[in-house]
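Reading the structure
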Amino acid sequence: MPVTSDDELREILDYKRIAVVGCSATPGKAAHGVPKFLKEQGYTVYPVNPYADEIFGEEPYDSLAEIDEEIDIVDVFRPSEEVAGIVDEALERDDVKVIWTQLGIEDREAAEKAEAAGKRVVQDRCLKVEYQRLR
């Protein structure tokens, strides 16, 4: 069952380690501004972008599998048709608790698969917007 209540969203916002798949090196893009905002709020952000050399002064990861640290939330800034593959990659990890897709990004089948594996799923919502609304 997808996460919909504000109480559930507040619980998710308590997690502190976020891998941002599709994180952008380009200021002005939501895929750059949202993770930057999250970093400024004290979250640990792991940028995942195999095409960028540097994001937020650090080398981004090519994939979720490359991240040696624990991840609580996988935040997806990729087209909806790529969500299933990202969910599969996230499910290979034991530490991921939440899969979150940003505004306009949804994949019902992938969400159901993640939920069946015990993950919480938030789709078509912005982490920054929800943070600002609920904090």
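Scroll up for the structure.
Report follows, based on the coordinates. (Residues numbered from 1 in each chain as written. Predicted model: local features only at pLDDT ≥ 70, side-chain atom pairs only at ≥ 80, totals over all residues. Heavy atoms only, no water.)

What about a negative patch on the surface?
On the surface, Asp53, Glu54, Glu59, Asp62, Glu66, Asp68 and Glu69 cluster together into a negatively charged patch. Within the fold, Asp53 resides in the loop between β2 (44-48) and β3 (73-76). Since its relative accessible area comes to 71%, Asp53 is described here as exposed. (Patch = residues over 30% accessible without salt bridge, like charges linked within 9 Å, V, L, I, M, F, W, Y side chains within 5 Å. Areas by Shrake-Rupley, 256 points an atom, 1.4 Å probe, with all protein chains shown as cover. Salt bridge = Lys/Arg side-chain N within 4 Å of Asp/Glu carboxyl O. Lys, Arg positive; Asp, Glu negative; His and termini not counted. Charge placed at Lys NZ, Arg CZ, Asp CG, Glu CD. Helix = DSSP H or I, 4+ residues; strand = E, 2+ residues; numbered from the N terminus. Buried < 20%, exposed > 50% of the residue type's maximum accessible area, 1.4 Å probe, protein only.)

So, the state of the cysteines
Evaluated as defined, the whole model comprises 0 disulfides. For the unlinked cysteine Cys23, the closest cysteine sulfur is that of Cys126, found at 13 Å. The class for Cys126 is buried, based on a relative accessible area of 8%. (Disulfide = S-S within 2.5 Å.)

Focus: the pattern of salt bridges
Enumeration according to the criterion identifies 14 salt bridges in this entry. Between Glu70 and Arg17 there is a salt bridge, with the nearest N and O atoms lying 3.3 Å from each other. With a gap of 53 residues between them, Glu70 in the loop between β2 and β3 and Arg17 in strand β1 (residues 17-21) connect regions that are remote in the sequence. A salt bridge links Lys39 to Glu58; its shortest N-O distance comes to 3.6 Å. Taken together, the residues Lys39 in helix α2 (residues 30-40) and Glu58 in the loop between β2 and β3 connect sequence positions 19 residues apart. Classification of Lys39 as partly exposed rests on a relative accessible area of 32%. Judged by relative accessible area, Glu58 falls into the partly exposed class, the value being 27%. By sharing partners, the salt bridges in this structure join Asp6, Arg125, Glu130 and Arg133 into a single network.

Concerning the packing of helix α1 (residues 6-13) against helix α5 (residues 127-134)
The interhelical angle for the contact between α1 and α5, taken along N-to-C directions, is 110°, at an axis separation of 10 Å. One element, α1, and the other, α5, form an angle in the roughly perpendicular class. Here Asp6, Leu9, Arg10 and Leu13 of α1 come into contact with α5, specifically with Leu127, Glu130, Tyr131, Arg133 and Leu134. In terms of residue class, the contact of α1 with α5 is built from 5 nonpolar, no polar and 4 charged. (Axes fitted to C-alpha atoms, helices over the stretch in contact; angles between N-to-C directions. Parallel < 35°, antiparallel > 145°, perpendicular 65-115°, else oblique. Contact = heavy atoms within 4.5 Å. Nonpolar A, V, L, I, M, F, W, Y, C, P; charged D, E, K, R; others polar.)

Spatial relationships are all this shows, so hold off on functional conclusions.
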